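# Summary of structural features
Residues per chain are reported as follows:
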Amino acid sequence: MARLNILVLQPDFSRYGSAYYQYQFTQALGRAHNVFQYGPKLAGYNSRHTIDDVLKLCPFEPDLICFAAGWELEDPSVPAFDPHPAIQTSTTNIPSVMILNKEYKKLDRKFSFIHDNAIRLVFTAHHHYSLWQERVGVPFVHFPFAVDPELFRDYGEAKRYAVGFSGRLHEQWTDVRVGIRDRLFLQNLVKAPRYWHIRIFWPGRWQRLPSRLRQLPRGEAYARAMNRSRMWIATPSAVELVGTRFYEVMAVKTLLFCNRSAAYAGLFEDTKHCVMFNPDLSDFDEKLFYYLEREGERQAIIDEAYTHVRTNHTWDRRIEQFTEAVRRVM
């Protein structure tokens, strides 16, 4: 199938230290299509450029314009969403699509942006995509997060920890993560007595990555840290978004340990690709200790999940899905 010429509007995330999905998406897109990326921190960027100015910089005539994840003003103290109002794709005949990002921030303004720029198709990782499609009147596509299998893989690290966790607690959105922390630890992150016999990785002022891992690039250090644990806790983040960590845990051959949620429908299954516990944590200990003590059952789920994620949830697979969707609106 012929490669598309795609103008991607997104800042430079190649050195971004907080997340990887924005950069991994554009890298995978560039493997499948001809891509010209324009945005803050990239060569040639000018905040006064119009869409016509950007098209003149483009080395090809685009078949498609994509507002990728990260094209937004994230500062919560700034009410506006659009990072570059001078660019208006409604003035061109080139079809435009959008990767909706951080659906828990400025969502109404993002919906207005979709209309103002005559965007034809919206991709979102959120499971409410069909409801938003009805609300906005523009087709939405469910576009879950994914993983880079070259970065997140089995590094053969010794399983030094029984269970681990990483990420923010998101107290304003969910009480599950705080509940898990308060179950595992007493004050000052001292382990509760029932967990004294197992090693837990929970980043805090008393626990850091081993010096050997701190010397590695941040992404690899994070992947290896998960690879060192037999089980890893992941829960949906703000507004029940199923983030990248779910797929990363499966990809490093560690058992995904997550709370039950309707948001997982069509993504992975309990006791086949992961182990789920009740959101009220009523069976948390039972599930945790059961699978820590039964290596064969735990490993069978890990192996099934590893195959599943590498077949269905890589960024290259997402680009195939992206391509199929955008060709229908071009």
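All of these numbers come straight from a predicted model, not from anything done at the bench. (Residues numbered from 1 in each chain as written. Predicted model: local features only at pLDDT ≥ 70, side-chain atom pairs only at ≥ 80, totals over all residues. Heavy atoms only, no water.)

## Some remarks on the sheet that holds strand β3 (residues 64–67)
Sheets are built from strands that pair by backbone hydrogen bonding, the pairs being arranged parallel or antiparallel. Within the open sheet, the 6 strands sit side by side as β2-β1-β3-β4-β5-β6. Their pairing is parallel. One side of each edge strand has no neighbouring strand; the edge strands of this open sheet are β2 (34–38) and β6 (140–142). Strand-to-strand twist in this sheet, taken as the mean axis angle between neighbours without regard to direction, amounts to 25 degrees. The pairing of strand β1 (residues 5–9) with β3 spans 4 bridges and is classified as parallel. (Pairing = 2+ DSSP bridges. Helix = DSSP H or I, 4+ residues; strand = E, 2+ residues; numbered from the N terminus. Axes fitted to C-alpha atoms, helices over the stretch in contact; angles between N-to-C directions.)

## Digging into the packing of helix α9 (residues 284–293) against helix α10 (residues 295–312)
Closest axis-to-axis distance for the α9/α10 pair is 5 Å, and the angle between their directions is 95 degrees. Overall, the two elements α9 and α10 adopt an arrangement that is roughly perpendicular. On the side of α9, the interface is formed by Y290, Y291, L292 and E293, while α10 contributes E295, E297, R298 and I301. Residue composition of the contact of α9 with α10, by class: 4 nonpolar, no polar and 4 charged. (Parallel < 35°, antiparallel > 145°, perpendicular 65-115°, else oblique. Contact = heavy atoms within 4.5 Å. Nonpolar A, V, L, I, M, F, W, Y, C, P; charged D, E, K, R; others polar.)

## Here's the deal with the side chain of S261
Take S261: it is sitting in the loop between β10 (255–259) and β11 (275–277). Here the side chain of S261 touches E240 through a polar contact of 2.6 Å, side chain to side chain. When sequence neighbours within four positions are dropped, the list of residues in contact with S261 reads P236 and E240. (Polar contact = N/O pair within 3.5 Å; in protein donor to acceptor, adjacent residues only side chain to side chain.)

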